[in-house]
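# Topology and contacts: notes
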Amino acid sequence: TEVNSDLDGIWMTLEKGRLEWLGALNSAHPLKVILKDALKNDEKTTEKDLMEAKMIYIYTLSLSLPAIDGTHKACWRKIVKMEEKLNPLKNY
């Protein structure tokens, strides 16, 4: 039976997205290590600190994902009170 579908196009879209996510994870990994070490070494770490670290990490992932436009990134920076878009740890 023949299915009238663009399987090659669907596969390439999935593969492109997978490669973009792998690239984002790879580029954000050094910051993830810094955040985890800082939280581990801080005896006064709170739940708020953990949440803020996660939000910074998620924002860092978004910097490497071309599908997420600048409007969403700017909104995220505002919500987490990030002063500089390329320096997410400033004043952290």
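Computed from a prediction, not measured in an experiment: that's the story for all the values here. (Residues numbered from 1 in each chain as written. Predicted model: local features only at pLDDT ≥ 70, side-chain atom pairs only at ≥ 80, totals over all residues. Heavy atoms only, no water.)

## Brief notes about the overall build of the chain
Operational definition: Only runs of H or I of at least four residues qualify as helices and only runs of E of at least two qualify as strands under DSSP, and these elements are numbered from the N terminus. Every radius of gyration here is taken over C-alpha atoms, with the globule rule written as 2.2 Å times N^0.38, N being the number of residues.
The helix and strand tally for the chain stands at 3 helices and 0 strands. Secondary structure of the chain in N-to-C order comes out as α-α-α. Its C-alpha atoms give the chain a radius of gyration of 18 Å, clearly above 12 Å, the size a compact globule of 92 residues would have. With respect to the three principal axes, the spread of C-alpha positions in the chain is 65 × 25 × 20 Å.

## With respect to the packing of helix α1 (residues 7-41) against helix α2 (residues 47-63)
Filter applied, for reference: Comment: axis = line fitted to C-alpha atoms, over the contacting stretch for helices; angle = value between 0 and 180 degrees taken between N-to-C directions. An angle counts as roughly parallel when it lies under 35 degrees, as roughly antiparallel when it exceeds 145, as roughly perpendicular when it falls between 65 and 115, and as oblique in every other case. Two helices cross in a left-handed way if the nearer one is turned anticlockwise from the farther one by less than a right angle. They cross in a right-handed way if the turn is clockwise. By the convention used here, residues are in contact when the closest approach between their heavy atoms is within 4.5 Å. In this classification, the charged set is Asp, Glu, Lys and Arg, the nonpolar set is Ala, Val, Leu, Ile, Met, Phe, Trp, Tyr, Cys and Pro, and all remaining amino acids, among them Gly, are polar.
It is at 8 Å that the axes of α1 and α2 come closest, and there the two elements cross at 155 degrees. Compared by their axis directions, α1 and α2 come out roughly antiparallel. Pair α1 / α2 crosses with right-handed handedness. When α1 is examined against α2, the residues Trp21, Ala24, Leu25, Ala28, Leu31, Lys32, Leu35 and Leu39 are found in contact with a partner set consisting of Asp49, Leu50, Ala53, Ile56, Tyr57, Thr60 and Leu61. When the residues that make up the contact of α1 with α2 are grouped by side-chain class, the tally is 12 nonpolar, 1 polar and 2 charged.

## Re the environment of Glu52
Which entries qualify depends on this criterion: Think of it in three bands: residues with accessible area under 20% of the maximum for their type are buried, residues over 50% are exposed, and the middle band is partly exposed, with areas taken using a 1.4 Å probe on protein chains only.
Its location among the elements puts Glu52 in helix α2. Accessibility expressed as a relative area gives 27% for Glu52, which makes it partly exposed. Sequence-wise, Glu52 and Leu35 are 17 residues apart; in three dimensions their C-alpha atoms are separated by 9.9 Å.

## Digging into the pattern of salt bridges
Under the convention used in this document: Salt bridges are identified by distance alone: a Lys or Arg side-chain nitrogen within 4 Å of an Asp or Glu carboxyl oxygen.
Evaluation of the coordinates by the stated rule reveals 3 salt bridges. Residues Lys16 and Glu20 are paired through a salt bridge, measuring 3.6 Å at the closest nitrogen-oxygen approach. In this pair, Lys16 and Glu20 both sit in helix α1, 4 residues apart, roughly one turn of the helix. Lys48 is paired through a salt bridge with Glu52; the nearest N and O atoms lie 3.8 Å apart. Remark: Glu52 and Lys48 occur in helix α2; sequence separation between them is 4 residues, near one turn of the helix. Judged by its relative accessible area of 59%, Lys48 is exposed.

## Brief notes about the layout of surface pockets
Take a probe with the size of a water molecule and roll it over the atoms, and the empty space left behind shows itself. This is how the line gets drawn: Only protein atoms enter the calculation, which uses a 1 Å grid: trapped sets of points that fit a 1.4 Å probe without letting it out are cavities, open sets showing protein on both sides within 12 Å along at least five of seven lines are pockets, and any residue with an atom within 4 Å of a point is a lining residue. Grid points are joined across faces, edges and corners, and a volume is the space filled by probe spheres set on the points.
A volume near 160 Å³ is recorded for the second largest pocket. Taken together, Lys32, Leu35, Lys36, Leu39, Leu50, Ala53, Lys54 and Tyr57 make up the lining of the second largest pocket. Secondary-structure elements contributing two or more residues to the lining of the second largest pocket are α1 and α2.

## Some remarks on the confidence of the model for the chain
Put simply, the test is: Values of pLDDT, ranging from 0 to 100, describe the predictor's confidence in every residue of the model.
Per-residue confidence for the chain gives a mean pLDDT of 86, with 97% of residues at or over 70. Per-residue pLDDT, averaged within each element of the chain, yields its smallest value for helix α3 (residues 70-79) (82) and its largest for α1 (92).

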